[in-house]
Amino acid sequence: MKNYVLFSAVLLILIITCFSSALAQEQKLLNAVSISPGIGFEYFSRTISWDDDTSTSELKSHFFTLDTEIEFSRGLFFRAVLGFSSSNYDSLIFRELPVSVELDVGNINGYILGADVKKSLIHSEALRIDVLGQFFYVWGRKTEWEIPGLAVEGSVEGNPSWMRVSVGPVFTYTGFDALYPYLYLSYNTLWGKFNLDQIIQDLTGNEEKKLKGESSICVSPGFTFKLTDSLSLKSEANLMPYKDGVDFGVTIKVMYSFY
């Protein structure tokens, strides 16, 4: 099923890109302004809670993405995202299995589906204000590990999945020729689950951890730098405060625009 979803997502992005390129050639159709395929990298470390918010650990993720952004008239943008993830869930503890397990298995690879919608609200000579909404769905590959230290053979199989949604205003300074610094202030929430199955000879067990991000407010300073009329570089830092500290992340994108 997941392979079918992944294939469908790849096909969807290819269709969007090809269809949008055709629209760029015929701008009268749907008033498309530009199409910008790109590649991106993101890293973040985020504190998550589990066991009914009584325990916490760190979720560390690397994203590698391919995306296509379409700009329509009247300042409306849509971006489709497809990519790969590598996430570390170590320190999750599963106590309701036949044998308790604390994850210490390193990164688990997975896939990403996402979408952005951005709408311009105000555009003056030196300032542009947009509202931006982002959605990411990440599901990890089912991964199996042997349980060390047992007198008999035993294994566990893990299957994580989670979602991240953010929405808020973006303030961009447009007074420079090629450099556009901005500030994105967003409500940013993350939730999901980690399902673990255990088999030790005739003993079996299953436990599901519900995961939730501790932080919900994100302050993201960044900039877009136009290397040429068509090629641009975007870099962004993410600061996510919560009651016991500050989570952080960084994003880098390279985009090429077809007009």
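Definitions and limits used
- Residues numbered from 1 in each chain as written.
- Predicted model: local features only at pLDDT ≥ 70, side-chain atom pairs only at ≥ 80, totals over all residues.
- Heavy atoms only, no water.
- Helix = DSSP H or I, 4+ residues; strand = E, 2+ residues; numbered from the N terminus.
- Contact = heavy atoms within 4.5 Å.
- Areas by Shrake-Rupley, 256 points an atom, 1.4 Å probe, with all protein chains shown as cover.
- Pairing = 2+ DSSP bridges.
- pLDDT = per-residue confidence, 0-100.
- Phe/Tyr/Trp six-rings, centres within 6.5 Å; stacked < 30°, edge-to-face > 60°.
- Buried < 20%, exposed > 50% of the residue type's maximum accessible area, 1.4 Å probe, protein only.
- Lys NZ or Arg CZ within 6 Å of the ring centre and 35° of its normal.
- Core = buried A, V, L, I, M, F, W, Y, C linked by side-chain atoms within 4.5 Å.

Caption draft 1: Highlighting the overall build of the protein. On a plain count of helices and strands, the protein comes out with one helix and 14 strands. The long-range fraction of contacts in the protein, counting pairs at least 24 apart against all pairs at least 6 apart in sequence, stands at 59%. About 13800 Å² of surface is accessible on the protein, with carbon and sulfur atoms providing 60% of the total.

Caption draft 2: Inspection of the pairing of strand S6 (residues 107-123) at higher detail. Relative to S6, strand S3 (residues 76-88) runs antiparallel, the two being bridged by 13 bridges. The residue bridging Phe-77 from the neighbouring strand is Lys-118, located in S6. Both S6 and strand S7 (residues 127-140) contribute to a ladder of 13 bridges, which runs antiparallel. Among the inter-strand pairings, Lys-118 is bridged to a residue of S7, identified as Leu-132. Between S6 and S7, which follow one another and run antiparallel, lie three residues.

Caption draft 3: View of the confidence of the model for the protein. The predicted model of the protein averages 88 in pLDDT, with 87% of residues at 70 or higher. Segment residues 22-26: pLDDT under 50, and six contacts once partners within four positions in sequence are set aside and those in other chains are kept.

Caption draft 4: Structural detail: the packing of aromatic side chains. The full count for this structure, using the stated rule, is 12 aromatic pairs. Each ring, one from Tyr-89 and one from Phe-194, has its centre 5.2 Å from the other, and the planes form 70°; the classification is edge-to-face. Note that Tyr-89 is positioned in the loop between S3 and strand S4 (93-94) and Phe-194 in strand S10 (residues 179-200), a separation of 105 residues in sequence. Both residues of the pair, Tyr-89 and Phe-194, belong to the buried class. Among the aromatic side chains, those forming a connected cluster through ring pairs are Phe-44, Phe-63, Phe-136 and Trp-162. In this structure, Lys-118 is placed above the aromatic ring of Phe-77, and the distance from its NZ or CZ to the ring centre is 4.7 Å. Across the ring face of Phe-94, the terminal group of Lys-209 is positioned such that the distance to the ring centre comes to 5.7 Å.

Caption draft 5: Representation of unusual backbone geometry. The residue Asp-52 is not glycine, and still its phi comes out positive at about 55°. Along the polypeptide, Asp-52 turns up in the loop between strand S1 (32-50) and strand S2 (55-72). A residue is classified by how much of its surface remains accessible, and Asp-52, at 76% relative accessible area, is exposed. One non-glycine residue with positive phi stands out, namely Ser-91, at about 85°. Residue classification places Ser-91 among the partly exposed residues on the basis of a relative accessible area of 34%.

Caption draft 6: Just the nonpolar core, in detail. Among the nonpolar cores identified, the biggest contains 25 residues, and Tyr-89, Leu-92, Trp-162, Phe-194 and Leu-196 are the most heavily contacted of them. Contributing elements (two or more residues each) for this core: S1, S2, S6, S7, strand S9 (154-173) and S10. In terms of residue count, S10 provides more of this core than any other element does, four residues in total. Ignoring sequence-local partners within four residues, the contact set of Leu-196 consists of Phe-94, Leu-97, Val-101, Trp-145, Val-156, Glu-157, Gly-158, Gly-205, Asn-206 and Glu-207.

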